[in-house]
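# Structural characterization, general
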Amino acid sequence: MGGKMSGSAAEGWNKERVEIGVLGLGVVGSGTVQLLQRNRAEIERKIGIPFRIKRIAVRDLYKQRAVTVDRALLTTDAGEILDDPDIDIVCELIGGVDPAKEFVLRALRNGKQVVTANKEMIAKEGHLLMEEASARSLDFQFEGSVAGGIPIIQPMKNALAGNRVVEVMGIINGTTNYILTKMSQERANFGDVLREAQEHGYAEADPTSDIGGFDAQYKIAILASIAFTSRVHVQDIYVEGITGIEAADIEAARELGYVIKLVGIARRVDDDRMQVRVHPALLPQSHPLASTNGVYNAVLVRGDSVGDVMFYGRGAGSGPTGSAVVGDIMDVCRNLRSGSTGRVACTCFEHRSVQPIAEVVTRHYLRMTVEDRPKVLAAIATVLGENDISIESVVQKATHSGLAEIVWVTHEAPSLRVVQALEEIVRLDVVQSVANWIRVEA
Ligand code: NDP
Ligand code: HSE
């Protein structure tokens, strides 16, 4: 393998080898290092320069690792990477905001290119980090942060950049899709499947982030910011996780011709407003996202020129995410060689507000337990009608001990009207409980 190719000297960067420092050797760190080791020769030929993993920071030097590395490479002092003048690229694979954000800032201030898969840090602090990188003409890349192995950030920033994006809709959390798929296909128990997802390395260190919808919230914040060239604040995004989904909902949805998925939706409302939300949704079985099962993720991007583009692949795990991280590292190596780091800066140059969820118009699925006697349906239908909610279908499910389970699907109505109607419905004597309310997407 030759050194740097002639005529390709980077501005101010003139080395024979790229030096990489990795922070974190967990699920993603191991996948990244393993891929760099396994495909080293081919990677080096593609980028035209050798590389070396010079140091890897971890918390525990003696932990069993999923990848074989020389123990001498390991350190518990991240500063040995961040402050090493010889290291060109810092790969942050620790997770969370603290201390990851301080580590990344320190790396950038020390003139290092940064690659990360940390969606929480990008969604909450990405603006600051991108400004820091831009000011120094440094690369700051984060393909692995959304949808694991699926290339979505780079395509949206490059190949699709000419489009005015109308909508991005995706299944962007592998853990919850794995859980919902197993609950649906195998009638599996929620807790058991979550444990399986953790064993596979799909879940976050704190799986509340997955099942509570926060991981998807960070990811849709990132996608919406790129799609609508406007910074999206995490706290403005409506989020609902999957912990309220019961086997009865999955079964009722199936009978009605739908599947239940946790979706992230970013939709252009008008020139000044966008919808950005994460919640479970009933999708018709014919919907392009409906057959995305297990750990697979899929993202549908609608552009004004390209039309619909679907991205599909494994949304979590060591190998897939390692693939995205290594792709970024290779991109940075090429930019280093050609003197073009910092080429694609932050594109959030406009301001759009997020439409409040109360105003968002969808169809709705409502499941409730009511007394099994005459005029009950009429009483509920009256409340829905008085709140200007029109009914598309109603199905009476199992009847037991004088109680019936009723499933309604409504025509389109803003969420606020459903909230108001449900407040009245739960007060009706004949209604024992409203078991669930799930939005229905076309
Ligand atoms: P893990 O918990 O498996 O790994 C985290 C690693 O960081 C561990 O090796 C840990 O060391 C190390 N670490 C933590 N704190 C420090 C510190 N202060 N100094 C040095 N090392 C530290 O997490 P994942 O690999 O799953 O996730 C990493 C990032 O990638 C997160 O941002 C996550 O959201 C993101 N991501 C994860 C995906 C997945 O499928 N798991 C997919 C896409 C993105 P030690 O091992 O010694 O404890
Ligand atoms: N915990 C995340 C998921 C990892 O399950 O999708 C990938 O970002």
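Computed from a predicted structure; not experimentally measured. Starting afresh in each chain, residues are numbered from 1 along the sequence in its written order. Throughout, the order in which chains and ligands are written sets their labels, letters from A for the former and numbers from 1 for the latter. Two thresholds apply to this predicted model, a pLDDT of at least 70 for residue-level local features and 80 or more for giving and counting side-chain atom pairs, whereas whole-chain, interface and lining totals are computed over all residues. Water and hydrogen atoms were dropped before computing side-chain values, which therefore reflect all heavy atoms in the structure.

### Some remarks on the pattern of salt bridges
When a carboxyl oxygen of Asp or Glu is within 4 Å of a side-chain nitrogen of Lys or Arg, the pair counts as a salt bridge. As enumerated under the stated definition, the model contains 39 salt bridges in all. Its salt-bridge partner being Asp 215, residue Lys 219 comes within 2.5 Å of it at the nearest N-O pair. With Lys 219 and Asp 215 both in helix H10 (residues 214-227) and four residues apart, the pair spans about one turn of that helix. Each of the two residues, Lys 219 as well as Asp 215, counts as buried. Secondary structure is summarised from DSSP: a helix means a run of H or I of at least four residues, a strand means a run of E of at least two, and numbering begins at the N terminus for each. Each residue gets one of three labels from its accessible area relative to the maximum for its type: buried under 20%, exposed over 50%, partly exposed in between, using a 1.4 Å probe on protein chains only.

### Quick look at the site of ligand 1
By nearness alone, 24 residues border ligand 1, and Asp 60, Arg 65, Lys 119, Glu 204 and Gly 317 come closest of all. A distance of 3.0 Å separates an oxygen atom of ligand 1 from a polar backbone atom of Gly 26. Pairing of N or O atoms within 3.5 Å defines a polar contact, subject to two protein rules: one partner must be a possible hydrogen donor and the other a possible acceptor, and residues neighboring in sequence count only if both atoms are side-chain atoms. At 3.0 Å from a nitrogen atom of ligand 1 is found a main-chain nitrogen or oxygen belonging to Gly 201. In short, Shrake-Rupley with a 1.4 Å probe defines the accessible areas, and a residue's cover is counted only from the protein chains shown. Computed on the free molecule, ligand 1 has an accessible area of 900 Å², of which 88% lies beneath the protein chains in the complex. Three residue categories are used. Nonpolar comprises Ala, Val, Leu, Ile, Met, Phe, Trp, Tyr, Cys and Pro, charged comprises Asp, Glu, Lys and Arg, and polar comprises the others, including Gly. Its residues assigned to classes, the shell around ligand 1 comprises 10 nonpolar, eight polar and six charged. Think of it this way: one heavy atom of a residue within 4 Å of a molecule or strand is enough to make that residue near it.

### Digging into helix H5 (residues 119-135)
Note that bend, as reported per residue, equals the angle between axes fitted to the 7 residues terminating at that residue and the 7 residues originating from it. The sharpest bend along H5 measures roughly 85° and falls at Glu 125. Taken together, the buried positions of H5 are occupied by Lys 119, Met 121, Ile 122, Ala 123, Gly 126, Leu 129, Met 130, Glu 132 and Ala 133. Considering only its buried residues, H5 is in contact with strand S4 (89-92), helix H4 (100-109), strand S5 (113-116), strand S6 (140-141) and H10. With its phi angle positive at about 55°, Ser 137 sits one or two positions after the end of H5. Contact between two residues is taken to exist if any of their heavy atoms lie within 4.5 Å; hydrogens are not considered.

### So, the side chain of Asp 328
Along the chain, Asp 328 falls in helix H12 (residues 318-338). Put simply, Asp 328 is tucked away with no salt bridge, and the nearest opposite charge, on Lys 157, sits 9.4 Å away. A polar atom in the side chain of Asp 328 sits 3.3 Å from the side chain of Gln 154. Once residues within four sequence positions are removed from consideration, Asp 328 is found in contact with Val 115, Gln 141, Phe 142, Glu 143, Gly 144 and Gln 154. Counting rule applied: Lys, Arg positive; Asp, Glu negative; His and chain ends not counted.

### Side note on the packing of aromatic side chains
Aromatic pairs are defined between Phe, Tyr and Trp rings, using the six-membered ring for Trp, whenever the two ring centres lie within 6.5 Å; interplanar angles under 30 degrees are classed as stacked, those over 60 as edge-to-face, and all others as tilted. Throughout the structure, instances matching the rule amount to three aromatic pairs. Taken together, a centroid distance of 5.8 Å and an interplanar angle of 50° make the contact between Phe 140 and Phe 142 tilted. Of the two residues, Phe 140 and Phe 142, both sit in the buried class. Between Tyr 178 and Tyr 202, the ring centres sit 5.5 Å apart and the planes meet at 70°, which makes this aromatic pair edge-to-face. Taken as a pair, Tyr 178 in helix H7 (residues 174-186) and Tyr 202 in the loop between helix H8 (190-199) and helix H9 (208-211) lie far apart in primary sequence, 24 residues in all. Overall, Tyr 178 belongs to the buried group, its relative accessible area being 8%. Looking at Tyr 202, the relative accessible area reads 14%, which means it is buried. Consider the ring centre and the ring normal. A charge sits over the ring if Lys NZ or Arg CZ is within 6 Å of that centre and within 35 degrees of that normal. In this arrangement the basic side chain of Arg 40 is found over the ring face of Phe 51, its NZ or CZ atom lying 4.3 Å from the centre.

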